[in-house]
Every structure is written in structure tokens, then in C-alpha cells.
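# Structural characterization, general
Chain by chain, the residues:
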Amino acid sequence: MTDDVAEAPDSEWVLRYQGLDPAAEQLREVLCAVGNGRFVTRAAAPESRPDGTHYPGTYAAGVFDRAVDEVDGHVLEQESIVNLPDWQSLTFRIDDGPWLDLAAMTVDDHVQELDLRRGVLTRRFVVTDAAGRRTEVSQRRLVSMADPLLAALECTVVADNWSGQLTVRSALDGRVTNAGVARYRGLSGRHLTVESASHRRGVLGLVVRTLQSRIRMALAARHRLLVDGVEQSPQLRPTAQATTCAVDLRVDVVPGRVVTVEKVVALCTSRDRGTGEPADAATEAVRAAPVFDGVLTRHVQEWADLWARCDVEVDGPARTSLVLRLHVFHLLQTVSRHSVDLDVGIPARGLHGEAYRGHVFWDEVFVLPFLVLRLPEVARAMLMYRWRRLPSARAAARAGGQRGALYPWQSGSSGREESPTVHLNPRSGRWVPDNSALQRHIGLAVAYNTWRYHEATGDTAFLVEHGAEMILEVAAYWADLASYDPVDDRYGLSGVMGPDEYHDALPDSADPGLDDNAYTNVMAAWTLTRALDCLAMLPPRRRLVLLAGLGISEPDLHRWEHVSRRLRLVWHADGVLSQFRGYEQLAEFDWRGYRARYGDISRLDRILEAEGDSANRYKVSKQADVLMLFHLLTADEFYAVLDRLGYASDRRTIPRTVAYYTARTCHGSTLSRVVHSWVLARGDRDRAWAFFLEALDSDIDDVQGGTTGEGIHLGAMAGTVDLLQRGFTGLQTRDAALGFDPHLPEALTGMRFCLQYRQHAELAVAITHEAITIGSDERAHPDLPVRIRGEEFRLRPGAGLQVPLRRRPTAVPPSGSPARQPAPAADGSDSGR
């Protein structure tokens with residue numbers, strides 16, 4: 001955490017920045033952003049405009065627009081999340097003096113605080129202008145978690161040593177473009193046209209439309225002026241320009257007089273359900289809205305309910321608790337109950353900026369485990385986003401000559417592939433080919449998430465009506481893509497990229513793509529097996545109808561069975577699972593030399609390309625690839641796949657593979673440390689905890705050197721929470737039982753959280769090194785089967801369960817056969833997780 005973040009009396013709940021730091025302003029804007037799952041607004045100073053220091057931005061879930069550019073001889077078509085008009089815009093001046101500009105005035109006692117418990121951003125400072133006039137300013141703002149159309153800003157001004165006329169100007173500013181990511185600025189950034197700007201009966205109104213997608217959005221703002229706490233009828237001077245509408249509120253002040261302006265705003269879009277025409281809907285909503293304190297009260301109550309469900313308490317430094325809650329806070333601002341009816345996915349960078357153009361990747365793998373156990377209806381809605389885009393996934397598979405469904409690596413509004421074909425290396429200034437669309441494993445993540453959702457919720461209706469269709473179509477794709485080699489009686493998968501992302505071809509290969517990526521092949525085998533399991537669970541009539549509708553025959557199912565047992569895995573001579581065919585022949589990398597030369601080598605792909613070299617030549621990974629298997633699958637599940645495929649293994653297979661790739665990963669992704677912490681959680685708890693703390697710091701310390709100012713890293717944020725929720729606790733939801741195998745790091749002495757498992761909606765869990773306690777306030781449901789370190793218990797309704805935990809050694813020496821003994825965890829211990 002940076003030095004300018006101060007400890008506070010409520011230091012586990014309040015993120016506080018003291019003083020101004022222009023270089024860190026955009027980082028603060030992202031970390032202090034406020035939102036409600038429908039839209040998020042960056043914490044830019046209300047008086048600011050985009051100027052290189054500040055970047056006002058508001059982003060609504062699902063609002064995309066497409067533009068076409070020509071880059072380096074390539075036509076580049078990109079769909080981007082759209083920066084919406086600035087609803088926060090508010091400034092003031094004294095008499096005819098200059099408008100508020102902190103860069104040109106003397107500023108004292110500047111404090112910015114984000115109250116995570118209440119979801120309120122507060123800003124306080126004292127400003128002195130060139131004439132020596134000293135003014136105290138305080139502001140509060142929020143985006144309502146209770147009323148999803150509303151946002152509110154309150155600004156209070158107190159004259160310290162002057163008398164005169166105060167003019168407060170509030171605007172809805174449509175002079176916005178997408179310019180928040182430096183490497184995109186040479187591309188089209190204009191996505192909006194303003195249809196109207198107005199001021200009618202005390203309400204400001206601005207209506208805009210996206211250029212290509214033609215989504216209409218309307219903002220309406222209502223104001224209230226108070227002097228010394230008493231509402232006043234201000235002198236109003238409305239102004240409307242082609243792209244902006246504003247109103248000036250004027251009031252005479254004397255020293256000590258407290259002037260407060262409240263601004264309540266409604267945002268409506270043509271994508272909203274049940275709101276009608278956006279301009280009318282926004283105007284009606286803002287007229288019906290309560291005053292600022294009324295909006296605030298409802299908002300705080302909603303956050304109280306969310307925290308009761310979603311808080312994760314840890315014993316330890318206040319800083320760890322604060323950052324953990326910051327991650328939960330931004331997760332809930334990106335996807336919430338208000339996301340359920342929006343038909344949106346989980347954007348990798350939240351709704352906090354324009355990085356990755358707001359696209360949906362596979363970050364739901366890290367986000368959904370948190371939502372499934374707390375807000376399952378939200379998790380279901382995120383899966384429905386994938387289900388509704390099955391037609392696009394089927395079309396993509398057909399275009400490649402395969403059956404089934406091929407989900408895109410980057411998805412936006414329609415589910416078509418949005419991955420660029422070229423990208424800019426800022427180190428070399430060159431546009432280089434981008435083959436990331438070959439990460440076809442994204443579909444395996446969709447199937448995985450669907451199956452895990454059903455395991456945790458028991459939502460059979462979803463599986464029958466939607467989930468099974470996704471799992472079967474993903475399985476159909478991989479079975480069709482697999483090619484049989486009679487020489488070794490194995491199926492291979494060719495032309496793919498794994499999660500590593502640094503390797504997209506063998507050295508000197510003319511064509512992109514790799515063969516037999518271990519992650520892809522193992523997860524394809526797992527998915528094909530789950531697809532067959534899924535069919536066995538369906539009601540007979542639904543099974544027949546679904547198979548007929550998808551064109552899946554009995555011979556197809558026999559092929560699935562065969563492919564799931566004969567997919568090829570490649571092994572090194574020492575028994576390490578090879579990342580892909582040909583990996584073992586790559587050169588070892590000069591880690592010491594490059595660290596000495598460059599210091600930060602997390603983006604080796606860019607360094608090597610700038611040198612005229614390529615990561616394809618080396619045994620180096622950007623992030624976990626093979627190791628991702630041990631994040632998604634328990635050791636039991638992984639060894640079961642090996643058994644099914646007919647590969648021998650021993651108790652050192654997983655730890656041997658973990659050690660090999662941990663030494664060859666540069667952590668160029670914020671997700672990498674999350675995964676490494678997970679896979680080391682049993683065998684090396686100290687290193688696991690160190691990786692956890694590094695992952696926890698990823699955004700708040702902006703460890704990637706400026707990327708957080710372009711948007712949060714939502715997968716890493718959710719992943720750190722999931723490490724505590726499942727990784728260190730061994731929490732599992734398989735086999736219709738709630739399972740735990742706690743193995744807390746020494747530094748983590750205790751933790752508490754609530755969760756929902758199937759029909760048990762209020763389970764309270766507390767874990768220390770000595771014991772685990774589970775309680776339920778509910779009395780209407782049957783006993784809950786609980787499995788703790790392999791021992792079976794039953795939690796009765798309204799009762800509690802406490803089980804002592806015997807401390808285990810860090811690792812268990814190899815013994816016995818995996819076929820006869822419980823499968824070891826990712827580090828070789830006896831745990832199944």
C-alpha cells in the first residue's frame with residue numbers, strides 16, 4: 001500500500017488518501033470508484049475534466065459500441081465499453097473569480113475517504129485562491145445500491161475569511177470520449193452523439209446515443225440548495241450547449257455560512273427493462289427520488305445487507321482486512337443483484353475503466369465461486385449471459401469446421417470473438433500479431449463453471465433447461481476437434497493456446513497454435529466426462545429432446561467416451577506434465593541476467609519482442625498454465641482424469657510439476673500469484689501466504705505500473721477472496737455435502753464468513769488452527785451433511801457444530817499407491833484440495 005494511504009480509527013473499513021498526488025490520481029479514481037452493478041463512476045474530482053491527471057468516467061454494464069480503424073495495414077474492428085456523460089460535474093467560483101482549480105490554487109488538508117461499509121466516497125480540503133480567500137470544501141457521493149437508477153453528490157462550501165457571491169455550476173457533460181487507455185488513443189475513441197440537452201422545470205436533461213449500437217441513454221439531474229441547513233430558493237441560470245447542459249446556483253455568503261448543494265441524478269438506457277423511453281424514465285425517476293439523505297439512507301441499508309452476506313473477516317493486520325474488503329466491495333459494484341436482468345457478463349477490468357475494452361474473458365472462473373456461495377441468483381445470471389450467446393458460439397465452431405460451441409476468448413455484447421488480431425507493444429512501439437483468440441479453452445471454463453454452480457446450489461432446473469445444453473455443446477466441440485492417431489492410440493488437440501499466453505507457436509513455426517496443451521487436454525477430458533454424467537442426470541424426456549435438438553447421436557456419445565479416455569498428455573523424462581508438445585525442447589531462460597538488466601521482467605513477452613526475440617523460444621510462462629489444473633480440480637479429480645486416460649502417476653506427480661513451473665513463471669498477470677498461492681497452500685504455507693499478500697497488493701499498489709488506473713483486475717480481486725474462502729479452508733461442495741479441510745497459513749490465525757449452500761441460506765463459518773465451527777439460524781430445512789477432513793457430520797437446523805482440528809505437518813512423505821490411498825493435494829499432502 002502506498003505511503004499516502006493513512007491508517008484510520010476505522011482502518012479495516014475506510015480507504016483514506018491524504019494529500020494530493022497527481023501521478024497517482026487515476027489509480028485513486030479507480031480504487032475509490034462507486035457503483036451498483038448497473039453502472040460505476042470513477043472517483044474523479046467533480047470539478048475536473050480529462051487532462052492527463054484526471055479522467056472522469058462512468059460505465060454502464062452492457063453498453064458497448066463498435067468502431068473500425070486501420071492500423072499498420074490491418075483493418076481493426078473493436079467493440080468497446082462506452083464512457084458515458086459525466087454526471088458528477090460540479091464546480092464553484094467566488095464572485096467573478098476563476099472556477100475551482102486545485103492545480104492553480106493553494107490546497108491544504110486534502111483527504112479522500114472511501115467508506116466501504118456504507119459505500120460512500122468523501123472528499124475534504126481547504127482551498128485558497130490568488131486573492132487569499134480561504135474556503136473549506138467537503139463532498140459526499142454515491143451510486144445507489146438500493147435504487148439502481150440513481151446517483152447522488154453533495155457539496156458543502158464554507159467561506160472562511162471572505163464575503164461575496166458564490167456561484168456553483170452543476171452540469172451533465174456530454175463532451176466525453178474513450179481516451180482512458182494510452183495504447184488505444186491512436187484508435188477511434190468517439191462513441192456518442194448528443195441528441196438533446198435541456199433544462200425543464202428545474203431538471204437538467206441530457207440524451208445521448210451510441211454511434212454504431214444505437215443505444216440511447218438519458219441522464220436527469222435535480223438540485224437542492226441549503227444555507228445553514230435550511231433549504232433555499234436559489235438564483236438559477238440554466239445554460240444548454242450542443243453537448244452539455246448546466247445550471248448556475250448563486251447565493252450570497254459571509255464567513256462561517258454553510259452552503260450545501262445536493263445533486264441527485266438518474267441514468268436510464270434503452271437496454272433497461274420496465275423503464276420505457278429513457279429521457280422520460282430518467283426525468284420521472286429523478287423527480288420521484290428523495291433528497292440526498294434519503295438516497296443515502298436506503299443505500300447504506302442495502303450495503304449493510306450485502307456485507308452481512310459477503311464479508312470475510314480475518315484475524316491479523318488491519319491493512320489485510322481493509323484490502324480484502326476493498327476487493328469484495330469492487331466485486332459487488334461490478335456484479336450485484338441489479339445485474340441479474342441486464343444480460344451482462346463479468347468484465348475482466350470491472351466497470352471501472354476502458355482497459356480490455358470492457359470485454360468478458362474467463363475471469364468468471366475466479367469470480368463465480370464467491371457469488372455462488374453468497375448471491376447464487378447473480379451467479380446464475382452470469383451463466384445465462386453465456387447461454388444466450390450459444391448461437392454465436394455455435395456459429396464460431398461451424399466457421400472452423402467443427403460441431404458444438406466455441407466460445408470467444410473476448411466477448412462483448414453479442415458473443416462474437418472480440419479479440420484483436422494485432423496489439424501494440426508499448427516497449428517497441430510496434431504492432432504485433434495477436435493470436436489470443438486461439439485460447440479456445442474458454443469454453444471449458446464455461447462448462448466448468450456451469451457444473452460447479454449446480455454442485456453448490458443443487459439448481460436442477462437450471463441444469464435441465466440451460467446448463468446441460470452448454471456443457472453438451474462445449475463437449476461436442478472438443479470431441480469433434482480431437483484427431484485420432486492410430487500409432488499411439490491417442491487423440492490430439494491441435495492449434496490452441498493455453499492460459500500461459502506467452503506461447504502461441506513453436507519456434508520458427510509458420511502457423512500459430514500449439515498441440516496437446518496439457519491444461520486444454522485435461523480439462524477437455526474432464527468436460528467430456530461431466531457431459532456424460534450430465535446426460536445421466538437429466539429426466540429421460542428432456543434427455544431425448546436435448547440430444548435430438550443438438551443432433552447428438554449414440555455413436556457421438558460413444559466417441560465422447562472414447563476421446564475422454566484416450567486424449568494425449570505429454571510428459572517430460574522426469575515425470576513432469578509438459579505444458580504442450582515440444583515444450584521440453586525449448587531453451588532455458590536466463591532469469592538472472594534479465595532481472596539484472598531490466599529489473600521488472602513481468603512482461604517478458606514485450607521485452608523479448610523489443611529485442612527481436614520471442615517468448616516462444618523459451619521455457620517461460622506469463623502465468624499459471626499447467627498449474628491452473630490444480631486450481632480448478634482437486635487432487636482427487638486430477639488423478640481421476642489421469643486414471644481415466646490411462647496414465648500412470650505417483651504421489652509426487654503434482655508436487656513435481658508444481659515445483660517445475662513455479663520456477664519458470666514471471667507472473668505477468670495479476671491472476672498468476674492467486675493460482676500459485678492456491679497450489680502451494682498445502683505444501684508450503686509460508687510461500688502460499690506470501691503469494692496471497694502479493695496478489696492482495698496487485699491493485700492497491702498498482703504493481704503493474706499504471707494498469708490499475710485503466711480498471712481494476714477483477715479476477716485477481718475475487719481470487720484473493722476465494723483463496724480465503726476455499727483455498728486455505730479446503731471448502732468443497734461436491735457429492736451433496738459441504739466439505740472442509742482447513743489448512744491455514746501460520747500468519748492466518750482465524751477467519752469468519754457466511755455462506756449459502758443449497759437451501760441452507762444462513763451458514764456461519766469460523767475457522768482457527770484449533771477448530772472449525774459451523775452454525776445455522778434456520779430451522780425449516782433438513783440436516784446438512786458436513787465433511788471435515790474426511791469425517792462425516794450432520795448439522796441440525798438451528799444448531800451448531802464445532803470440530804477440533806489436529807494440526808498436520810506441512811507435507812506428507814510419499815507412501816502407498818494413489819489408486820489405493822487418498823489422492824494427495826497439489827503439494828503432496830493428504831488433503832483432497
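Below is a short write-up of the structure. (Residues numbered from 1 in each chain as written. Predicted model: local features only at pLDDT ≥ 70, side-chain atom pairs only at ≥ 80, totals over all residues. Heavy atoms only, no water.)

## A word on the environment of Ile-215
Looking at where Ile-215 falls in the secondary structure, it is placed in the loop between β14 (203-210) and β15 (216-227). Residue classification places Ile-215 among the buried residues on the basis of a relative accessible area of 10%. For Ile-215, the contacting residues outside a window of four places in its chain are Gly-62, Val-63, Phe-64, Val-208, Arg-209, Thr-210, Ser-270 and Arg-271. (Helix = DSSP H or I, 4+ residues; strand = E, 2+ residues; numbered from the N terminus. Buried < 20%, exposed > 50% of the residue type's maximum accessible area, 1.4 Å probe, protein only. Contact = heavy atoms within 4.5 Å.)

## A word on the packing of aromatic side chains
Scanning all chains against the criterion turns up 26 aromatic pairs. Between Tyr-583 and Tyr-661, the ring centres sit 5.8 Å apart and the planes meet at 55°, which makes this aromatic pair tilted. Of the two residues, Tyr-583 sits in the loop between α12 (554-566) and α13 (591-598) while Tyr-661 sits in helix α17 (residues 653-662), which places them 78 residues apart along the sequence. The residues Tyr-583 and Tyr-661 share a single accessibility class, namely buried. Taken together, the ring pairs connect Tyr-356, Phe-361, Trp-362, Phe-366, Trp-409 and Tyr-519 into an aromatic cluster. The ring of Trp-451 has Arg-530 lying over it, and the distance from NZ or CZ to the ring centre is 5.9 Å. Its guanidinium or amino end placed over the ring of Tyr-594, Arg-597 lies 4.6 Å from that ring's centre, counting from NZ or CZ. (Phe/Tyr/Trp six-rings, centres within 6.5 Å; stacked < 30°, edge-to-face > 60°. Lys NZ or Arg CZ within 6 Å of the ring centre and 35° of its normal.)

## Some points on empty space enclosed by the protein
In this approach the atoms are scanned with a rolling probe the size of a water molecule, which exposes any empty space left behind. Tallied over the full model, the rule gives eleven cavities of 30 Å³ or more. Size it by volume and the largest cavity reaches roughly 230 Å³. If you go around the largest cavity, you meet 17 residues; those closest to its centre are Pro-369, Arg-452, Ala-456, Arg-726 and Thr-733. Every element with two or more residues in the lining of the largest cavity is listed here: α5 (364-372) and α8 (442-457). At six residues, α8 tops the list of elements feeding residues into the lining of the largest cavity. Looking at the lining of the largest cavity, its residues break down into nine nonpolar, three polar and five charged. (1 Å grid on protein atoms, 1.4 Å probe; cavity = no way out; pocket = protein on both sides within 12 Å on 5 of 7 lines; lining within 4 Å. Points joined across faces, edges and corners; volume = space filled by probe spheres on them. Nonpolar A, V, L, I, M, F, W, Y, C, P; charged D, E, K, R; others polar.)

## A few points about the pattern of salt bridges
Enumeration according to the criterion identifies 67 salt bridges in this entry. Residue Glu-113 is joined to Arg-16 by a salt bridge in which the shortest nitrogen-to-oxygen separation is 2.3 Å. In this pair, Glu-113 sits in strand β8 (residues 106-115) while Arg-16 sits in strand β1 (residues 14-18), placing the two residues 97 residues apart along the sequence. Taking the relative accessible area as the measure of exposure, Arg-16 reaches 12% and is therefore buried. A single salt-bridge network, built from bridges that share partners, covers Arg-66, Glu-77, Glu-79, Arg-416 and Glu-418. (Salt bridge = Lys/Arg side-chain N within 4 Å of Asp/Glu carboxyl O.)

## As for the pairing of strand β6 (residues 74-81)
Relative to β6, strand β5 (residues 64-71) runs antiparallel, the two being bridged by eight bridges. Bridging from a neighbouring strand, Glu-70 pairs with Val-75 of β6. Hairpin remark: β5 followed by β6, antiparallel, with two residues in the connecting loop; positive phi at Asp-72, about 50°. (Pairing = 2+ DSSP bridges.)

## As for the state of the cysteines
Scanning all chains against the criterion turns up zero disulfides. Free cysteine: Cys-155, not disulfide-bonded; nearest cysteine sulfur from Cys-32 at 17 Å. Classification of Cys-155 as buried rests on a relative accessible area of 4%. Among the cysteines around Cys-310, which has no disulfide bond, Cys-754 carries the closest sulfur, lying 9.5 Å off. (Disulfide = S-S within 2.5 Å.)

## Side note on helix α10 (residues 518-537)
Taking 1.5 Å per residue as the helical rise, α10 with its 20 residues ought to reach 28 Å, and the 29 Å between its terminal C-alpha atoms agrees with that figure. Summarising burial for α10: 17 of the 20 residues are buried, a large majority. (Expected span 1.5 Å × (residues − 1).)

## So, the nonpolar core
Of all hydrophobic cores here, the largest spans 228 residues; its most connected members are Trp-362, Leu-371, Trp-560, Leu-724, Phe-728 and Ile-788. Excluding residues within four positions of it along the chain, Trp-560 makes contact with Leu-472, Ala-475, Ala-476, Ala-479, Leu-528, Ala-531, Leu-532 and Ile-552. Grouped together as the second largest cluster of nonpolar side chains are 19 residues, Val-120, Ala-281, Phe-292 and Val-295 included. (Core = buried A, V, L, I, M, F, W, Y, C linked by side-chain atoms within 4.5 Å.)

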